[in-house]
Amino acid sequence: MFEAMDAARDHINLETYILDEGEIAERLALLLVKKASAGVRVNLMYDAVGSLKTPREYFDRLRAAGVNVCEFNPVKRVAKVNHRDHRKTLTVDGRVAFTGGINVSETYASSSIRARQTPGKEKKEGWRDTQVRVEGPVAAEFERLYLATWKAQQHCEPTAEAHYFPRLEPRGNKVVRLVKAAPEEGSEMYAALLEAIGKAERRIWLTFGYFVPDPKMRQALIDAARRGVDVELVLPGYSDFWAPVNAGRSSYDALLA
């Protein structure tokens, strides 16, 4: 992601739930300031709760350097305190897009594999997450979603003009669909996941950081296994929050059976 941003010629659209103060955040600030000073339009959107511990001075410094900064649903808006932006997306020049579970935080610099390398001396640290890089026409869908989300935050300055929608040729032979979730609109992602599980014929390979399936999801996975689909789940042994781990484990017996 840093390489892609460093190569930006026109604009950078970055959206994150957590932007933690530390070495990674400092590297990001230096890079964004450098690109803004070189004439690249830099837009940064971060969640007010996810990034609550990050000093205001950090964002003020970026604004002073020409970075367009938007705080998603500030916590002072009590009516929407639980309306959070958990997206982690990056689009560069409208051509390259990233999404997944990676926040801007040093917790992702230490992998779970390294934390478990010494048997009997495993450390309960190190994060395992997935990030995806895509190119081609789907990058335009990332741009549209980002710009619409920014526009909906009426307290934020309008995004700077840029060539957000360049002509995009197909890249590769995969069909890619972007589905979204928003606090006031519900989750397209959940419906799409249930539909995909219900139509699967060969395999369902899923990885979750927080796995607490509702009855529909649990039954969909069981039905798939019963019709011969290879269903595999990669789930955390440790977590930063104990509740989802224990809640998820309550489904293990039924799923394993």
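Small disclaimer: the values here were computed from a predicted structure and weren't measured. (Residues numbered from 1 in each chain as written. Predicted model: local features only at pLDDT ≥ 70, side-chain atom pairs only at ≥ 80, totals over all residues. Heavy atoms only, no water.)

Visitor: Mind laying out the packing of helix α6 (residues 188–199) against helix α7 (residues 215–226), listing which residues take part and the relevant values?
Guide: α7 packs onto α6 with a crossing angle of 20° between their chain directions and a minimal axis gap of 9 Å. Here α6 lies roughly parallel to α7, going by the angle between them. Viewed along their axes, α6 and α7 form a crossing whose handedness is left-handed. Between α6 and α7, the residues in contact are Tyr190, Leu193, Leu194 and Ile197 and Lys216, Met217, Ala220, Leu221 and Ala224, respectively. Classifying every residue of the contact of α6 with α7 by side-chain character gives eight nonpolar, no polar and one charged. (Axes fitted to C-alpha atoms, helices over the stretch in contact; angles between N-to-C directions. Helix = DSSP H or I, 4+ residues; strand = E, 2+ residues; numbered from the N terminus. Parallel < 35°, antiparallel > 145°, perpendicular 65-115°, else oblique. Left-handed = near helix turned anticlockwise from the far one by under 90°. Contact = heavy atoms within 4.5 Å. Nonpolar A, V, L, I, M, F, W, Y, C, P; charged D, E, K, R; others polar.)

Visitor: Residue-level account of the state of the cysteines, with values.
Guide: Counting across every chain of the model gives one disulfide. The side chain of Cys70 participates in a disulfide bridge whose partner is Cys156; the two sulfur atoms lie 2.1 Å from each other. Residues Cys70 and Cys156 are joined by a disulfide whose S-S torsion is about 75°; by sign, that bridge is right-handed. In this pair, Cys70 is assigned in strand β3 (residues 68–72) and Cys156 in the loop between α5 (138–152) and β7 (181–182), connecting sequence segments 86 residues apart. Judged by relative accessible area, which is 0%, Cys70 ranks as buried. According to the relative accessible area criterion, Cys156 is buried, its value standing at 13%. (Disulfide = S-S within 2.5 Å. Buried < 20%, exposed > 50% of the residue type's maximum accessible area, 1.4 Å probe, protein only.)

All quantities given are derived from atomic positions and should not be read as evidence of function.
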